[in-house]
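Here is what each chain is made of, one letter per residue.
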Amino acid sequence: MTWRVTPELFRGLAGVDFANLGIPTEEEYVAAYCHHTGCGPIPDWDFYIVYSLFRLAAIMQGIAKRAIEGTAASGEAGELGRLARSDWRQAWALARSLGA
């Protein structure tokens, strides 16, 4: 997910100049992972990204609820919880694009 989300959303890298920073692209990273683990190409990779984005949104929503209740472990919980909607929207947009 790191390659798909922006730094503002949740520690992502979307939009950065990977080549200039010496960071492999998502495709290069996945290919290296598959090579080193001995697994073949991962079919339906985007499905797993969509799932992970929705999962992250659900976790963020839970953090938001704990912030509202005053039981959050972090003082930044409210801000993290507010990011859930943006994460959900990104997941939905990607999911819709896969159905085309």
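Remember, predicted model here, so these are calculated numbers, not experimental data.

So, the packing of helix α4 (residues 45–69) against helix α6 (residues 84–98)
Thinking step 1. The N-to-C vectors of α4 and α6 enclose an angle of 160°; their axes lie 8 Å apart at closest approach. As judged from the angle between their axes, α4 and α6 are roughly antiparallel. Both α4 and α6 take part in a crossing whose hand is left-handed. When α4 is examined against α6, the residues D46, F47, I49, V50, L53, F54, L56, A57, M60 and Q61 are found in contact with a partner set consisting of A84, D87, W88, Q90, A91, W92, L94, A95 and L98.
Thinking step 2. The residue inventory of the contact of α4 with α6, partitioned by class, reads 15 nonpolar, two polar and two charged.

Focus on a nonpolar patch on the surface
Thinking step 1. A grouping of F47, Y48 and Y51 is seen on the molecular surface, where their side chains present a nonpolar patch of about 360 Å² in accessible area.
Thinking step 2. For Y51, the location among the structural elements is in helix α4.

Looking at helix α3 (residues 26–37)
One turn of an α-helix holds 3.6 residues; hence residues three or four places apart share an orientation.
Thinking step 1. Over its 12 residues, α3 runs 16 Å from end to end, which matches the ideal 16 Å to within 8%, given 1.5 Å per residue.
Thinking step 2. Of the positions making up α3, those classed as buried are E26, V30 and C34. Within α3, the buried residues cover an arc of 65° as seen down the axis, which keeps them to one side. Projecting away from the buried face of α3 at angles above 90 degrees are the exposed residues H35 and H36.
Thinking step 3. Those residues of α3 that are buried are in contact with α4.
Thinking step 4. Immediately downstream of α3, the backbone of G38 shows phi near 80°, a positive value.

Thoughts on the environment of G15
Thinking step 1. Note on placement: G15 falls in the loop between α1 (7–10) and α2 (18–21).
Thinking step 2. Once the C-alpha coordinates of G15 and I63 are considered, the two residues, 48 residues apart in sequence, prove to be 26 Å apart.

Focus: the pattern of salt bridges
When charged atoms on two side chains of opposite charge get close, those side chains can pair.
Thinking step 1. One pass over the structure, following the stated rule, counts four salt bridges.
Thinking step 2. For R4, the salt bridge goes to E26, with nearest N and O atoms at 2.7 Å. Of the two residues, R4 sits in the segment before α1 while E26 sits in helix α3, which places them 22 residues apart along the sequence.
Thinking step 3. The class for E26 is buried, based on a relative accessible area of 10%.
Thinking step 4. With a shortest N-O distance of 2.6 Å, D46 and R4 are connected by a salt bridge. A residue pair is termed long-range when its members are at least 10 positions apart, and D46 in helix α4 and R4 in the segment before α1 qualify at 42 residues.
Thinking step 5. Three or more residues joined by partner-sharing salt bridges are found here, namely R4, E26 and D46.

What counts, and at which threshold
- Residues numbered from 1 in each chain as written.
- Predicted model: local features only at pLDDT ≥ 70, side-chain atom pairs only at ≥ 80, totals over all residues.
- Heavy atoms only, no water.
- Axes fitted to C-alpha atoms, helices over the stretch in contact; angles between N-to-C directions.
- Helix = DSSP H or I, 4+ residues; strand = E, 2+ residues; numbered from the N terminus.
- Parallel < 35°, antiparallel > 145°, perpendicular 65-115°, else oblique.
- Left-handed = near helix turned anticlockwise from the far one by under 90°.
- Contact = heavy atoms within 4.5 Å.
- Nonpolar A, V, L, I, M, F, W, Y, C, P; charged D, E, K, R; others polar.
- Patch = residues over 30% accessible without salt bridge, like charges linked within 9 Å, V, L, I, M, F, W, Y side chains within 5 Å.
- Areas by Shrake-Rupley, 256 points an atom, 1.4 Å probe, with all protein chains shown as cover.
- Salt bridge = Lys/Arg side-chain N within 4 Å of Asp/Glu carboxyl O.
- Expected span 1.5 Å × (residues − 1).
- Buried < 20%, exposed > 50% of the residue type's maximum accessible area, 1.4 Å probe, protein only.
- Arc of directions from axis to C-beta.

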